[in-house]
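Structural description and commentary
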Amino acid sequence: MHSFLHRLALVAALFAFLSFFARARAADLGWQEPPSSGAAQDAFAAGVQSYRDGAWADARANFLEALAAGGVERASVLRNLGNVAYREGKPLEAAGWFTAAVREAPRDAEAWRNLEFARREAGLDPADRGDLRDTAARLATMLRLDEAERLVLALLALLALALVWEALRGGLASKIAACSVAVLLALAFVPYGVQSAALGSRPHFVIQPEGAALNSEPRDAAALVGRLAPASVVEQIDALPGWVRVRSDAGLSGWSRESSLLRLSHAR
Amino acid sequence: MNNERNLGAWTRALLAPLLVLVALLAWAAPAAGQRGGEPQVRAYLSSGVVRPGERASLVVTVENANSAELRALPNVEGLRLGPSPDATDVVQRFSPFGGRQEVTVTRTWVIPVTATKAGDITIPPFEVVVNGSTVRTPELRLRVVADLKGEELGFFEIRASSPKVVVGQPFSVVLEFGFDAAIQERINYGNLALSWWGRLPGLLENETPLDPAARSLELFLNDRERVNVVAVEPPREMRGRRFVTLRAVRSYTPTRTGKIEFPVSFFEFGEVIERRDFFRTERQKGETFFARAPEFSIDVVPLPEAGKPVDFSGAIGTLAVSASAQPRDVDAGESIKLRVEWTGAGNLEFFTAPDPSRLESFRDFRVYGKTEEKSFDRRVVVYDLAPLSSAVKAIPALPLPVFEPQSERYTTLSTAPIEIRVRALEGASGLAGDEARERFDEDLVDIVARPAPQQDRTPLGAGWVLTLTAAAPLGWLALRTAVRLNGAPDAPRERARRGARRKLTKELAKAREPREQLSAVQRFLAARTGRTPQDWEGRQAREALVPSQAERARELEACVAELESAVWGGRGGALKRERLAAAVDEAMKGGL
């Protein structure tokens, strides 16, 4: 009995040690108490009012201000900017804003509905066609990075418990528990890996209905080397005031006017 | 032994989650099935029949290969093959399949063939190295005859439906041949020597049904296979004579641009003499004659880009369309099967059928899907449509952009609108008339008016996650190793030791006599120490404790002594359970 209690104490100390480090790390990152911004709330409220009044340009300016201030939930601001763009008669741009919104809030059914509606109105294929590929992609991105990380950590804790059980007591049941949790952990690493891989990317959505012109250099007189299809998503390589250097999935790269593109992931 | 048992346990433990994982992966496996460009090797002779000394060609083609090399040509008696020249590469593009463009590289070797003596000659398969793998060509047959007589006794004509076709446009080849009706009595054998049959690259053979009304008969094809032909009535009149006339028709779809060369063809006809004896039947060719059809070619040209509609989906040919709908009297939202049938001479199997859900004219319909039937002469698509409101009066025309090779221009082939009646759903609206009924439009979900405050979602970081992930198994290994230094925790003896106290409680609860209590205590001591219960008869419990903790066994020893007195001396009775349990617990604190 004594030796068992000794072992248990050892494990408890290990957990305490790990959780202490995790807390310390979280505190370093300011994870505990997010800052709130009164200016952002005010700008957001002004944007809502302008939208209700049908003043689309004012609503856009206010929502952009709220987005820049960063004190309100980003997915809501992006969604509202999509509504504004649609009311302004820009369904393609609206689709871009809604795409950004669902990246922030992947399980927001209303944002998805707006995205599909805007894409349909813009004459685009659905963002989620319901086929195997899209379903798999949606499953892999249904959790945000922080959520996927929490899931992985929770499963890691469970795995640690199962492994401690196995180490102290052995037996088939403990082994099955450890293996089952390990399999779940491996599955949980899929969304975590996908979101981690996308962390450093700077995707842009082409909002120009005729496609975005791709110049060899950041000036209008430079050679036109290609044209990005409307609604295609391209990766930013570099940026200059008014210009963004991008690369398409097909490997085509060049400079495009910033006004032709919509950045999908803003500063995190 | 213990390791082996552990290994088995781990295997069993892994099995269940692995099965689950395999099932999940099988469910999620993407549907494979891409149309691949497999390398293809073909070989054919420019003529199936030659005279001695006459020169023909052996043509070898390799498609869709990154590298191809012709190995040594075989030595064939009666035939001089070679020398083999360098291959010529031809790059061809084609796009008959749903408008998708593909590129094919064809390597061709044209090898001179000269017959040195008469007879039936077989060219055995020879090797071509394609993408590092060895592929063998099919066996080829060549007939060398001293005298190709018979031109005046027969005829052989091959006509293509058009000398120029567009890639993807089906064309037919009519083979018409025959012999003088005056020698009909002597003719009982016919063979079509078509060295190109089934071997020309860049062609897909279409199904060509025989005319059921015509009289059909079977002829030899290249002396090996059989082919069905039909008798043409009335027989052809030529050169002032009547000829028994036969016909075969084949239809092809060219899959790429370029020239398709049809080599010289022969119709051999004559007499076969049959000799029978008791054991066997022997057939021997008698006098045979040859009618020759000259070589010809068909140019396959690409689709013109000028005037190509943006929604062109690859339909080529002279097509007709018809449509029907069932049922035509429906409630709003009820399914209607719209059956559209395209027929005619065209690539009916290969174009992409129009999608009503992408057409503005079908905005008042919901398209649930479609089913398709494809054949060479017919394409049937059944669309599942549902009118969304009772305002819909007809199924609109369904357009299909088509390239017409004859006029060399793009046209649109549309179905006729089909009148339907759509009844409003009962109770769908409280208003009386259709005109007064509310119409519902789809729109965006409204903006978010009260957003949640932004949460700082900065993650812990991949470094921490990976460190913790690595720490878990390492910590487990360390702990496991440390624990197992004192023996395996799941060994039977160790399990018995752990369960001894629990078992003692149960046994004491049942025990009524001092003997039963004494036996329970001895079994407990045996399980905790790994000895037998008999070993603890007359032995002191302190022996199981470290000397420094011996005092903790005092009460247990006293209890055992009292129980032994009661059992063996008849003094006293059973002890209180609580006292025994407390004594045991005290001894366990001392390391029992």
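This is a predicted model, so every value here is computed, not measured. (Residues numbered from 1 in each chain as written. Chains lettered and ligands numbered in written order. Predicted model: local features only at pLDDT ≥ 70, side-chain atom pairs only at ≥ 80, totals over all residues.)

Helix and strand content of chain B: 6 helices and 34 strands. Residues classed as buried in chain B amount to 28% of the 592 residues present. Counting only contacts in chain B whose residues sit at least 6 apart along the sequence, the fraction spanning at least 24 positions is 69%. (Helix = DSSP H or I, 4+ residues; strand = E, 2+ residues; numbered from the N terminus. Buried ≥ 20, exposed ≤ 12 C-beta atoms within 10 Å, placed from the backbone. Contact = placed C-beta atoms within 7 Å.)

Turning our eyes to something else, we now look at the overall build of chain A. Along its length, chain A carries 9 helices and 7 strands. Within chain A, the proportion of its 268 residues that are buried is 34%. In chain A, once contacts between residues fewer than 6 apart in sequence are set aside, the share between residues at least 24 apart is 53%.

What follows is about the confidence of the model for chain B. All names here are of chain B. When pLDDT is averaged along chain B, the result is 83; 89% of the residues meet or exceed 70. Taken as a whole, residues 28-36 scores under 50 in pLDDT and shows 4 contacts with residues more than four places along the chain or in a different chain. Taken as a whole, residues 429-433 scores under 50 in pLDDT and shows 6 contacts with residues more than four places along the chain or in a different chain. Predicted complex metrics record ipTM = 0.80 and pTM = 0.47. (pLDDT = per-residue confidence, 0-100.)

So, about helix H5 (residues 91-104) of chain A. The end-to-end C-alpha distance of H5(A) is 20 Å, a good match for the 20 Å that 14 residues give at a rise of 1.5 Å each. Most of H5(A) sits inside the fold, with 13 of its 14 residues counted as buried. (Expected span 1.5 Å × (residues − 1).)

With 45 residues, the main nonpolar core has A:Trp97 and A:Phe98 as its most contacted residues. Per-element tally for this core: the top contributor is H5(A), with 8 residues. Built from parts of two domains, this core gets at least three residues from each of domain 1 (38-139) and domain 3 (203-263) of chain A. Excluding anything up to four places from it in sequence, A:Phe98 contacts A:Arg79, A:Gly82, A:Ala111, A:Asn114, A:Leu115 and A:Ala118. Core analysis: the next-biggest nonpolar cluster, separate from the first, contains 44 residues, B:Tyr44, B:Val60, B:Phe243 and B:Ala291 among them. (Core = buried A, V, L, I, M, F, W, Y, C linked by C-beta atoms within 7 Å. Domains from an automatic or database assignment.)

Residues and elements named next belong to chain B. Put simply, helix H5 (residues 554-569) and helix H6 (residues 577-589) touch, their axes get as near as 7 Å, and they point 140° apart. Taken as axis vectors, H5 and H6 run oblique relative to one another. Remark: the crossing between H5 and H6 carries left-handed chirality. Counting all contacts with H5, which are made through Glu555, Leu556 and Cys559, the residues of H6 involved are Arg579, Leu580, Ala583, Val584, Glu586 and Ala587. The residue inventory of the contact of H5 with H6, partitioned by class, reads 6 nonpolar, no polar and 3 charged. (Axes fitted to C-alpha atoms, helices over the stretch in contact; angles between N-to-C directions. Parallel < 35°, antiparallel > 145°, perpendicular 65-115°, else oblique. Left-handed = near helix turned anticlockwise from the far one by under 90°. Nonpolar A, V, L, I, M, F, W, Y, C, P; charged D, E, K, R; others polar.)

Residue and element names in this part refer to chain A. With respect to the helices and strands, the residue Ser253 is situated in strand S6 (residues 253-257). Of the residues examined, Ser253 has 18 C-beta atoms within 10 Å and is grouped as partly exposed. Each C-alpha atom, one on Ser253 and one on Asn215, is 8.7 Å from the other, the two residues being 38 residues apart in sequence. Sequence-distant contacts of Ser253, defined by excluding residues within four places in its chain, comprise Ile237, Arg245, Val246 and Arg247.

A separate point is the environment of B:Arg579. Relative to the helices and strands, B:Arg579 resides in helix H6. Distance in space between the C-alpha atoms of B:Arg579 and B:Cys559 is 8.3 Å, their sequence separation being 20 residues.

This part is about the sheet that holds strand S24 (residues 296-301) of chain B. The strands making up a sheet are joined through hydrogen bonds of the backbone, oriented either antiparallel or parallel. Residue and element names in this part refer to chain B. Judged by pairing direction, the sheet is mixed, and its 3 strands sit side by side in the order S13-S24-S21 without closing on themselves. Bordering the open sheet on either side are strand S13 (164-166) and strand S21 (258-262), each of which pairs with just one other strand. Taken over all neighbouring pairs, the strand axes of this sheet differ in orientation by 25° on average, direction set aside. Sheet topology places S13 next to S24; 3 bridges connect them, and they run parallel. Considered in S24, the bridge of Val166 is made with Val301. (Pairing = 2+ DSSP bridges.)

On average, residues of chain A score 87 in pLDDT, and 85% of them are at 70 or above. Between residues 26-36 of chain A, whose pLDDT stays under 50, and residues either more than four places distant or in other chains, the model counts 15 contacts.

Residues and elements named next belong to chain B. If you walk across this open sheet you meet the 6 strands as S28-S29-S27-S25-S31-S32, and the pairing is mixed. Of all strands in the sheet, those bounded by a partner on one side alone are strand S28 (365-375) and strand S32 (409-414). For this sheet, the mean inter-axis angle between neighbouring strands, taken without regard to orientation, is 25°.

Residues and elements named next belong to chain B. Where strand S31 (residues 399-404) and S32 come together, 6 bridges link them in antiparallel fashion. Bridge pairing in S32 places Leu400 opposite Leu413. The antiparallel hairpin formed by S31 and S32 contains 4 residues in its connecting segment, where Glu408 sits at a positive phi of about 55°.

Omega for the peptide link from B:Glu233 to B:Pro234 comes to -5°, which places this bond in the cis form. Put simply, B:Gln326 and B:Pro327 share a cis peptide bond, and its omega is -10°. Even without being glycine, A:Ala231 reaches a positive phi, approximately 70°. Here A:Ala231 shows up in the loop between strand S3 (224-228) and strand S4 (233-240). For B:Glu408, which is not a glycine, the phi torsion comes out positive at approximately 55°. Its place among the elements puts B:Glu408 in the loop between S31 and S32.

Attention shifts here to helix H9 (residues 172-197) of chain A. In a regular helix each residue adds 1.5 Å, so 26 residues correspond to 38 Å; H9(A) covers 37 Å between its end C-alpha atoms and thus fits that length. All buried positions along H9(A) are accounted for by A:Ser174, A:Lys175, A:Ile176, A:Ala177, A:Ala178, A:Cys179, A:Val181, A:Ala182, A:Ala188, A:Pro191, A:Tyr192 and A:Gln195.

Turning our attention to the packing of helix H8 (residues 145-169) of chain A against H9(A). Residue and element names in this part refer to chain A. Close contact between H8 and H9 brings their axes to 8 Å; oriented N to C, the two are set at 160°. Considering the angle they form, H8 stands roughly antiparallel to H9. As H8 packs across H9, the resulting crossing turns out to be left-handed. Each residue belonging to the contact of H8 with H9 can be placed in one class, and the counts come to 21 nonpolar, 3 polar and 4 charged.

Side chains on a regular strand alternate between the two faces of the sheet. Residues and elements named next belong to chain A. Of the two faces of strand S5 (residues 243-247), only one is covered, namely that formed by Val244 and Val246; the face formed by Trp243, Arg245 and Arg247 stays uncovered. Bridge count for S4 against S5 is 5 bridges, and the pairing is antiparallel. Across the sheet, residue Asp238 finds its bridge partner in S5, namely Arg245. Hairpin remark: S4 followed by S5, antiparallel, with 2 residues in the connecting loop; positive phi at Gly242, about 85°.

Take the environment of A:Val48 next. Topologically, A:Val48 is positioned in helix H2 (residues 38-53). Note on A:Val48: 20 C-beta atoms within 10 Å, which makes it buried. Sequence spacing of A:Val48 and A:Arg60 is 12 residues, and the spatial spacing of their C-alpha atoms is 9.6 Å. A:Val48 has contacts with B:Ile447 and B:Ala449, leaving out every residue within four places of it along the chain.

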